[in-house]
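# Geometric and topological summary
Here is what each chain is made of, one letter per residue.
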Amino acid sequence: KALLESAGYTTQTFHTAHTDTLRGAFIGAAKIPDLIIADYRLDAELTGRDVIEMIRKTLASDIPAIIITGDTAPERLREAKQSGLPILHKPVQPEALMAMVRTTLSTAPKHTDPKP
């Protein structure tokens, strides 16, 4: 959060992956996020992939996303790779995160924000 904000990005963080909490934050949102960064392994038996898909469905937008993982279990790494999303492995170096953010945003199709 601090790194992204120091680079001029506006961030919104969540410390829970409960579906109702996340949907509530995005339903009726005036602005669609430009990027989602999610840890792969989350609470409530959800993965970052699950949360990314839920946010995309809620906002009806194919928002670009990055998965970060510290998981080393081969099955979990396969699951993360099957998402087709860019993956960064922990510990993530600040330069690697910023490079991935810039690359992902520069190659993503532009979306329009919902009408208020």
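Residues numbered from 1 in each chain as written. Predicted model: local features only at pLDDT ≥ 70, side-chain atom pairs only at ≥ 80, totals over all residues. Heavy atoms only, no water.

### Regarding the overall build of the protein chain
Looking only at helices and strands, one finds five helices and three strands in the protein chain. Helices (α) and strands (β) of the protein chain occur, in sequence order from the N terminus, as α-α-β-α-β-α-β-α. In terms of C-alpha radius of gyration, the protein chain reaches 14 Å, essentially the compact-globule figure of 13 Å for 116 residues. Each principal axis of the C-alpha distribution contributes one length, and for the protein chain these read about 45 × 30 × 25 Å. Each of the 116 residues in the protein chain was classed as buried or not, and the buried ones make up 34%. Carbon and sulfur atoms make up 54% of the accessible area of the protein chain, which amounts to about 7300 Å² in all. Looking at the protein chain, you have 14 positive and 14 negative side-chain charges, and the mean spots of the two groups are 4 Å apart. (Helix = DSSP H or I, 4+ residues; strand = E, 2+ residues; numbered from the N terminus. Rg over C-alpha atoms; globule rule 2.2 N^0.38 Å. Buried < 20%, exposed > 50% of the residue type's maximum accessible area, 1.4 Å probe, protein only. Areas by Shrake-Rupley, 256 points an atom, 1.4 Å probe, with all protein chains shown as cover. Lys, Arg positive; Asp, Glu negative; His and termini not counted. Charge placed at Lys NZ, Arg CZ, Asp CG, Glu CD.)

### Considering the nonpolar core
Among the nonpolar cores identified, the biggest contains 19 residues, and Ile36, Ile52, Ile55, Leu59, Ile63 and Ile67 are the most heavily contacted of them. Residue assignment for this core shows that the elements contributing at least two residues are α2 (19–26), β1 (36–39), α3 (48–59) and β2 (65–69). Residue contributions to this core peak at five residues, all from α3. The residues touching Ile63, leaving out its near neighbours within four places in the chain, are Ile32, Pro33, Asp34, Leu35, Ile36, Ile55 and Arg56. Core analysis: the second largest hydrophobic core is formed by 10 residues, Ile66, Ile68, Leu88 and Leu105 among them. (Core = buried A, V, L, I, M, F, W, Y, C linked by side-chain atoms within 4.5 Å. Contact = heavy atoms within 4.5 Å.)

### So, the layout of surface pockets
Unfilled space is identified by rolling a water-sized probe across the atoms. If you add up the space inside the largest pocket, you get close to 1100 Å³. What lines the largest pocket is a set of 33 residues, and nearest its centre among them are Gln12, Thr13, Leu35, Ile36 and Ile37. Elements that contribute at least two residues to the lining of the largest pocket include exactly α2, β1, α3 and α5 (94–107). Per element, the largest residue contribution to the lining of the largest pocket is four residues, and it comes from β1. Looking at the lining of the largest pocket, its residues break down into 21 nonpolar, six polar and six charged. (1 Å grid on protein atoms, 1.4 Å probe; cavity = no way out; pocket = protein on both sides within 12 Å on 5 of 7 lines; lining within 4 Å. Points joined across faces, edges and corners; volume = space filled by probe spheres on them. Nonpolar A, V, L, I, M, F, W, Y, C, P; charged D, E, K, R; others polar.)

### Notes on α5
Here α5 is 14 residues long and its end C-alpha atoms lie 20 Å apart, about the 20 Å a rise of 1.5 Å per residue gives. Where α5 is concerned, the buried positions are Leu97, Met98, Met100, Val101, Thr104 and Leu105. In an axial view of α5, the angular spread of the buried residues amounts to 160°, which keeps them on one side of the axis. Structural note: α5 exposes Glu95, Ser106 and Thr107 on the side pointing more than 90 degrees away from its buried face. (Expected span 1.5 Å × (residues − 1). Arc of directions from axis to C-beta.)

### A look at unusual backbone geometry
In this model, Lys90 is joined to Pro91 through a cis peptide bond whose omega is -5°. Positionally, Pro91 belongs in the loop between β3 (87–89) and α5. Unusually for a residue other than glycine, Ala60 sits at a positive phi of about 50°. Assignment of secondary structure puts Ala60 in the loop between α3 and β2.

### So, the side chain of Asp71
Relative to the assigned elements, Asp71 resides in the loop between β2 and α4 (74–82). Exposure remark for Asp71: the relative accessible area of 12% places this residue in the buried category. At 2.4 Å, the side chain of Asp71 and the side chain of Arg41 are in polar contact. Here Ala73 takes part through its backbone nitrogen, which lies 3.1 Å from a polar atom of the side chain of Asp71. Excluding residues that lie within four positions of it along the chain, Asp71 makes contacts with Arg41, Arg76 and Leu77. (Polar contact = N/O pair within 3.5 Å; in protein donor to acceptor, adjacent residues only side chain to side chain.)

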